[in-house]
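Here are the chains, one letter per residue:
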Amino acid sequence: MVDAERLFAAHREGLFRYLCRIVGRAEAAQDLTQEVFVRVVRTAVPTEDPAGSRAWLFRIARNLALNHLRDARRRPEPAVLLDRAQPAVQELGVALTEALNALSEADRDVFLLRETAGLSYAEIGVACELSVDAVRARLHRARVELRTTLGDAIGRHRRRPVSLHHGERT
């Protein structure tokens, strides 16, 4: 049997990054990361191979995140105000979040599992219950959509006047 503590140590950071990007809040991602390992302790960990265990962890994380998002839609939270000290960075962050949210749920999951958690195509397939070819197609589609959407946002950002003095625009 695979040791849950070893799994936690090996995958906690990747799970947290993935969950943080999915749910959008570090506090919620931390809670969900802990919930993944509460469930791992209660269940027999698959022992076929280490990659299978990692994919299994991310499947649990994905299901918890989807449940969290479903619950959050039922009780919306107030909008967060932007900090005026770093508007450009925040605008790009908001654009990224909006672009990710515009993707289909499955495309977004595949993209985030690959880019934030570093899972292989095979591991993503296990976590999302997709074939490797379907993972490859969804990942390609997500990247094309994000490139198009974010290209527009970055283009708008680059066309802004350059700041000459702290806090001033020309």
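The model shown is predicted, which means the values in this text are computed figures rather than measured ones.

1. Some remarks on the nonpolar core
So, point 1. One finds Tyr 18, Val 23, Val 36, Val 40, Leu 57, Phe 58 and Leu 113 to be the most contacted residues of the largest nonpolar core, which totals 38 residues.
So, point 2. Going through the elements one at a time, α1 (4-23), α2 (26-42), α3 (50-74), α4 (87-102), α5 (105-115), α6 (121-128) and α7 (132-158) are the ones with two or more residues in this core.
So, point 3. For this core, the leading source of residues is α3, giving eight residues.
So, point 4. The contact partners of Val 36, leaving out residues within four places of it in the chain, are Leu 15, Leu 57, Ile 60, Ala 61 and Leu 64.

2. Focus: α1
So, point 1. Taking 1.5 Å per residue as the helical rise, α1 with its 20 residues ought to reach 28 Å, whereas the 24 Å between its terminal C-alpha atoms falls clearly short.
So, point 2. A bend of about 55° at His 11 is the largest found in α1.
So, point 3. Burial in α1 covers these residues: Leu 7, His 11, Gly 14, Leu 15, Tyr 18, Leu 19, Ile 22 and Val 23.

3. Focus: the packing of aromatic side chains
So, point 1. Summed over all chains, the structure comprises two aromatic pairs.
So, point 2. Each ring, one from Phe 8 and one from Phe 37, has its centre 4.5 Å from the other, and the planes form 90°; the classification is edge-to-face. With a gap of 29 residues between them, Phe 8 in helix α1 and Phe 37 in helix α2 connect regions that are remote in the sequence.
So, point 3. With relative accessibility at 30%, the residue Phe 8 sits in the partly exposed group.
So, point 4. Note on Tyr 18 and Phe 58: the rings are 5.9 Å apart at their centroids and 70° apart in plane angle, and the pair reads as edge-to-face. A residue pair is termed long-range when its members are at least 10 positions apart, and Tyr 18 in helix α1 and Phe 58 in helix α3 qualify at 40 residues.
So, point 5. Relative accessible area serves as the criterion here: at 0%, Tyr 18 is assigned to the buried category.
So, point 6. According to the relative accessible area criterion, Phe 58 is buried, its value standing at 1%.

What counts as what
- Residues numbered from 1 in each chain as written.
- Predicted model: local features only at pLDDT ≥ 70, side-chain atom pairs only at ≥ 80, totals over all residues.
- Heavy atoms only, no water.
- Core = buried A, V, L, I, M, F, W, Y, C linked by side-chain atoms within 4.5 Å.
- Buried < 20%, exposed > 50% of the residue type's maximum accessible area, 1.4 Å probe, protein only.
- Helix = DSSP H or I, 4+ residues; strand = E, 2+ residues; numbered from the N terminus.
- Contact = heavy atoms within 4.5 Å.
- Expected span 1.5 Å × (residues − 1).
- Bend = angle between axes of the 7 residues up to and from the residue.
- Phe/Tyr/Trp six-rings, centres within 6.5 Å; stacked < 30°, edge-to-face > 60°.

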